Amino acid sequence: MNKKIKNALISVYYKDGLQNIIKRLHSLDVNIYSTGGTEKYIRELGVPCLAVESLTNYPAILGGRVKTLHPAVFGGILGRSNNERDTAEMKTYNIPWIDLVIVDLYPFEETVKSTSDEKLIIEKIDIGGPSMIRAAAKNHNDVVVIASKKECPALEKLLLEQDGATTLEQRRMFASKAFDICTGYDIAISNYFSGSNFYNPFNTERTILRYGENPHQQAFFYGSLDDLFNKLNGKELSYNNIVDVDAAVQLMNEFGNPSSSENQEAVFAIIKHTNVCGIAIRNTLEEAWVAALAGDPESAFGGILITNVRIDEATAIAINELFFEVLIAPAFDLEALDILRKKKNRILLQKKQDGASMPQQYRSVLNGVLMQQKDEGNYIDWKETGGRDTNEVEKQDLLFANIVCKHLKSNAIALIKNKQLLGKGCGQTSRIDALRQALDKSKQFNFDLSGAVLASDAFFPFDDCVKIAHNAGITSFIQPGGSIRDNDSIEYCKQHHLAMVITGMRHFKH
């Protein structure tokens, strides 16, 4: 059912995108009611405007806390044109039918971010705004509701193309968005009072993805990738790309924010299906890339690449030989961009230093949602429990191995030598299978494991892993401990002059 807009109520905090709408409403002979600063803004545009007080016969009171909470306002919004009783009552009380409500909300979240003054924060909890928005959305059979400046362009288009008339389908679409906005606002307020940070999908952008994990699955992304990255080239990120990019960023965050120092060590990592398949630390980026790729050049095909330093021309030439989906870096030399952009679908992301990711992790399970804190930190203790203490080279490799292992699917084993991943086992149903997989990978690419170190994401239930690894050349181990048979592995290390570090911090990843 098409409805012509005759009366509009406009009361907004943000005036962006409003000017053309107001002038178009005036040209369509729509009566405009407004309040406070919005009323002043409309009059300054040379458009006549009726104060809401002309309806309520009450001024704004309590410092502006009460302006629109009145039957004359809400009756006009909630009145049902197809209801005889509503029509009669509105005529009796001289209440105009309001067909368009343009109302946004006080900037509560912005205020929370900008101040700790609770009085200021409390005053930004909107009461009249959500009430009018919800009333208009409820009565979308008769009323158009615009609850955000983001919806103004769509309204302006309708006003121009349909001369102030709207369809029920259009009004319902605006109503749906209005309820989302109110829900997001309430979640933000609830988070503030509870001290929690529950994910708020209603206050974030929604991007429709091509498909989900598989082509037959529909998928959306709630969030703003633009807050985290500058996209310099390539197609849109897919569902699987986003999952892998997240894994890559979480891994690289372990090595701190990029700095402008020329002496910063270069870390290069290759991610495939959220697992690290190659990673190395070197003095130059090109050396780090070569070492990371050597760890598993087969798995690197079609992977996600990430580094903590600027991509230079020499590295870009080397990388360009491999097919990959995404490359993430804090910066790119112009010469490097010219090389890497030659493939139009290749995604290049410049990571912003100030881009923050979510502090919690969520997973839908059964008929609910699991929420947990991120796995932050790498070890609680550093207990040298083996047959000798680690030397400095081994310690640095163990620290590196522990981080790498943390970012592999459980059960996980990482083999490291000279800050290079030589072999990894991940996603296995037993720890010894993860070790066998790691050893097989290292043999496949002809690595010498003599003097290498091993990290395990959880304790060794028996001493078999330590024995097998020792026979392969491993001389130093890091693990969280916690098994009732920890002593079996520790004793073996003592008997064979091997180093073992117990961290007290497990890193399961399912």
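As a reminder, the structure under discussion sits directly above these lines.
The structure contained in this document is the topic of the report that follows.

1. Points about the sheet that holds strand β19 (residues 413–416)
- Taken in spatial order, the 6 strands of this open sheet run β18-β23-β22-β21-β19-β20, and their pairing is mixed. Across the chains shown, the open sheet's two edge strands, defined by having one partner strand only, are β18 (383–384) and β20 (421–425).
- The strands that helix α15 (residues 392–406) touches are β19, β20, β21 (453–456), β22 (476–479) and β23 (499–502); relative to β21, the one it contacts most, it runs at about 35°.
- Here helix α16 (residues 431–444) sits on the sheet and contacts β19, β20 and β21; the angle it forms with β20, its principal contact strand, is near 145°.

2. As for the pattern of salt bridges
- Under the counting rule described, the total for this entry stands at 21 salt bridges.
- K441 serves as the salt-bridge partner of D296, at 3.0 Å between the closest nitrogen and oxygen. Of this pair, D296 sits in the loop between α12 (285–294) and β13 (303–307) while K441 sits in helix α16, placing them 145 residues apart in sequence.
- For D296, a relative accessible area of 2% translates into the label buried.
- One salt bridge in this structure joins R485 and D488, with 2.8 Å as the shortest N-O distance.

3. Some words on the nonpolar core
- By size, the foremost hydrophobic cluster in this structure holds 52 residues, and its most contacted members are I10, L25, I77, L100 and I102.
- When residues of this core are assigned to their parent elements, the largest contribution, 8 residues, is made by helix α10 (residues 168–194).
- Residues within four places of I102 in sequence aside, it is in contact with L9, I10, S11, V12, L18, I21, I146 and L155.
- If you look at the next biggest cluster of nonpolar residues, it comprises 39 residues, including L209, C405, A414 and V501.

4. Digging into the sheet that holds strand β5 (residues 100–103)
- Strand order in the open sheet made by the 5 strands is β4-β3-β2-β5-β6, with parallel pairing throughout. Here the strands that pair on one side only, and so sit at the sheet edges, are β4 (50–51) and β6 (144–146).
- Inspection of the sheet shows strand β2 (residues 7–11) paired to strand β3 (residues 31–34) by 4 bridges, in the parallel sense. Each residue of the ladder has a partner; that of L9, found in β3, is Y33.

5. With respect to the packing of helix α17 (residues 464–471) against helix α18 (residues 486–495)
- The interhelical angle for the contact between α17 and α18, taken along N-to-C directions, is 30°, at an axis separation of 8 Å. With respect to α18, the element α17 is oriented roughly parallel. Contacts between α17 and α18 involve V466, K467, H470 and N471 on the former and, on the latter, S489, Y492 and C493.

6. Here's the deal with the side chain of Q479
- As for its placement among the helices and strands, Q479 is situated in strand β22.
- Judged by relative accessible area, which is 1%, Q479 ranks as buried.
- Sequence-distant contacts of Q479, defined by excluding residues within four places in its chain, comprise S456, A458, F459, F460, D486, M500, V501, I502 and T503.

7. Quick notes on the environment of N94
- Inspection of the secondary structure assignment puts N94 in the loop between α5 (84–92) and β5.
- Put simply, N94 and L55 are 39 residues apart on the chain and 8.8 Å apart in space, counted from C-alpha to C-alpha.

8. Quick word on unusual backbone geometry
- Omega for the peptide link from S410 to N411 comes to -10°, which places this bond in the cis form.
- Turning to its location among the elements, N411 is positioned in the loop between α15 and β19.
- The residue N94 is not glycine, and still its phi comes out positive at about 55°.
- Judged by its relative accessible area of 67%, N94 is exposed.
- One non-glycine residue with positive phi stands out, namely N446, at about 60°.
- Summarising the element assignment, N446 is placed in the loop between α16 and β21.

9. Some thoughts on the packing of aromatic side chains
- This model, assessed by the stated rule, comprises 10 aromatic pairs.
- Relative to F193, the ring of Y192 lies with its centre 5.3 Å away and its plane at 85°, an arrangement referred to as edge-to-face.
- With a relative accessible area of 24%, Y192 lands in the partly exposed category.
- Feature note: the residues F108, Y185, Y192 and F193 constitute an aromatic cluster, connected by ring pairs.

Criteria and thresholds
- Residues numbered from 1 in each chain as written.
- Predicted model: local features only at pLDDT ≥ 70, side-chain atom pairs only at ≥ 80, totals over all residues.
- Heavy atoms only, no water.
- Pairing = 2+ DSSP bridges.
- Helix = DSSP H or I, 4+ residues; strand = E, 2+ residues; numbered from the N terminus.
- Contact = heavy atoms within 4.5 Å.
- Axes fitted to C-alpha atoms, helices over the stretch in contact; angles between N-to-C directions.
- Salt bridge = Lys/Arg side-chain N within 4 Å of Asp/Glu carboxyl O.
- Buried < 20%, exposed > 50% of the residue type's maximum accessible area, 1.4 Å probe, protein only.
- Core = buried A, V, L, I, M, F, W, Y, C linked by side-chain atoms within 4.5 Å.
- Parallel < 35°, antiparallel > 145°, perpendicular 65-115°, else oblique.
- Phe/Tyr/Trp six-rings, centres within 6.5 Å; stacked < 30°, edge-to-face > 60°.

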